[in-house]
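Summary of structural features
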Amino acid sequence: AVGTSPYHPSDVDFNHPRILDSNSVLQLDCTPQSITIYGAGVIGCEYASIFRNLGCKVNLVNNREKLLSFLDDEIVDALSYHLRDQGALIRHNETYESVAANDEEVVLKLQSGKVLKSEFFLWANGRSGNTGSLGLNKVGIEVNSRLQIDVNEIYQTPVSHIYAVGDVIGFPGLASAAYDQGRFAATHLVTGACDRRLVENIPSGIYTLPEISSIGPTEKQLTEDKVPYEVGHALFRSLARAQIVDVRVGMLKLLFHRETYALLAIHCFGYQAAEIVHIGQAIMSMPPPANDIRYFANTTFNYPTMAEAYRVAALNGLNRL
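Described in the following lines is the structure provided in the data block. Small disclaimer: the values here were computed from a predicted structure and weren't measured.

With that settled, consider the sheet that holds strand β11 (residues 204–206). The antiparallel open sheet is built from five strands, whose spatial order is β11-β12-β15-β14-β13. Looking along the sheet, the strands with just one partner apiece sit at the ends: β11 and β13 (229–235). Each strand axis lies, on average, 10° off the axis of its neighbour in the sheet, ignoring direction. Inspection of the sheet shows β11 paired to strand β12 (residues 212–215) by three bridges, in the antiparallel sense. Considered in β12, the bridge of G205 is made with S213. Packed on one face of the sheet, helix α2 (residues 73–86) meets β12, β13, β14 (250–257) and β15 (263–270) and runs near 5° to β15.

A few words on the nonpolar core. Residues I35, I37, L60, L67, L79 and L122 are the most contacted members of the largest nonpolar core, which totals 28 residues. Residue assignment for this core shows that the elements contributing at least two residues are β3 (34–38), α1 (42–53), β4 (57–61), α2 and β9 (120–123). Not counting chain neighbours up to four residues away, the residues in contact with I37 comprise G44, Y47, A48, V58, N59, L60, V61, L122 and A124. Ranked by size, the runner-up nonpolar core spans 26 residues in total, among them L254, L263, I283 and M306.

Here we take up a nonpolar patch on the surface. Together, I244, V245 and Y271 line one region of the surface with nonpolar side chains, adding up to about 250 Å² of accessible area. Tracing the backbone shows Y271 in the loop between β15 and α6 (273–284).

For the structure shown, the criterion picks out ten salt bridges. In this structure, the salt-bridge partner of K253 is E74, at a minimum N-O distance of 2.7 Å. Linking K253 in strand β14 with E74 in helix α2, this pair joins segments that are 179 residues apart in sequence. Residue classification places E74 among the partly exposed residues on the basis of a relative accessible area of 31%. R294 is the salt-bridge partner of D292, the closest N and O atoms lying 2.7 Å from each other. The class of D292 is buried, set by a relative accessible area of 11%. Residue R294 is classed as partly exposed on the basis of its relative accessible area of 35%.

Cut-offs applied
Residues numbered from 1 in each chain as written. Predicted model: local features only at pLDDT ≥ 70, side-chain atom pairs only at ≥ 80, totals over all residues. Heavy atoms only, no water. Pairing = 2+ DSSP bridges. Helix = DSSP H or I, 4+ residues; strand = E, 2+ residues; numbered from the N terminus. Axes fitted to C-alpha atoms, helices over the stretch in contact; angles between N-to-C directions. Contact = heavy atoms within 4.5 Å. Core = buried A, V, L, I, M, F, W, Y, C linked by side-chain atoms within 4.5 Å. Buried < 20%, exposed > 50% of the residue type's maximum accessible area, 1.4 Å probe, protein only. Patch = residues over 30% accessible without salt bridge, like charges linked within 9 Å, V, L, I, M, F, W, Y side chains within 5 Å. Areas by Shrake-Rupley, 256 points an atom, 1.4 Å probe, with all protein chains shown as cover. Salt bridge = Lys/Arg side-chain N within 4 Å of Asp/Glu carboxyl O.

Structure below.
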């Protein structure tokens, strides 16, 4: 469980004080007037939100087609809209050609011919496993191109008595997941068995502004798997609690099986999303028939609360059937 460090390409000078990675950016002693962030994964999007809401001009450069493509499309579209609405400039499908810094600014040249200038530059494009000093080659364990370790479903490396957990094994790269992976691996090491369900359906928490959290498959994945699902929506602007705290942005989306009513996934965007998701997670983890979206429709929620979004979303979805 050695974790990871920011990936450093050899042609970028991270010794220059204006060129930062996701660790060194925390040592800034001022708020930049402008910053270019290269890499629009979770870390890049979170820092883009932070700096933009501090009043910093932000260029967010994404080397992929869209932001956070593992999320539900509706959530991704909302995040893109609100980042742009806050004033961030997002450029998709771009690859860097060079990064050069002087005493005044950093110049990023892109392979498309574009040139972006800013006071600081933040490299947020990947992390590498802290495996260099472990001597893994001496015990028959190989690492991938990002110095991370491949494991099986019970977190064993190719050497069965050596386990690996956390960021060093790659996706999902969440502290919350690492805690449970460690418990799972340790239990298997000691007892020879463990309940796989402990590490399935781990929620994601992405601390952009607005916040994002989800658990379970996306609409696209359910469609590809030909699962007959329906959607229940609750828009935060319709909730009394959200109106009280002056939050008009956000939604809760519940995906459930049209025939069994089983809750299949939860996707939340907005105020307290990472907290709200856990209410649905508890029902979703129950075996049938306890996993039933009608629980939310038939349960009284405190008013006004953000949790009431589950009742609203459940009724919205059931009314579509």
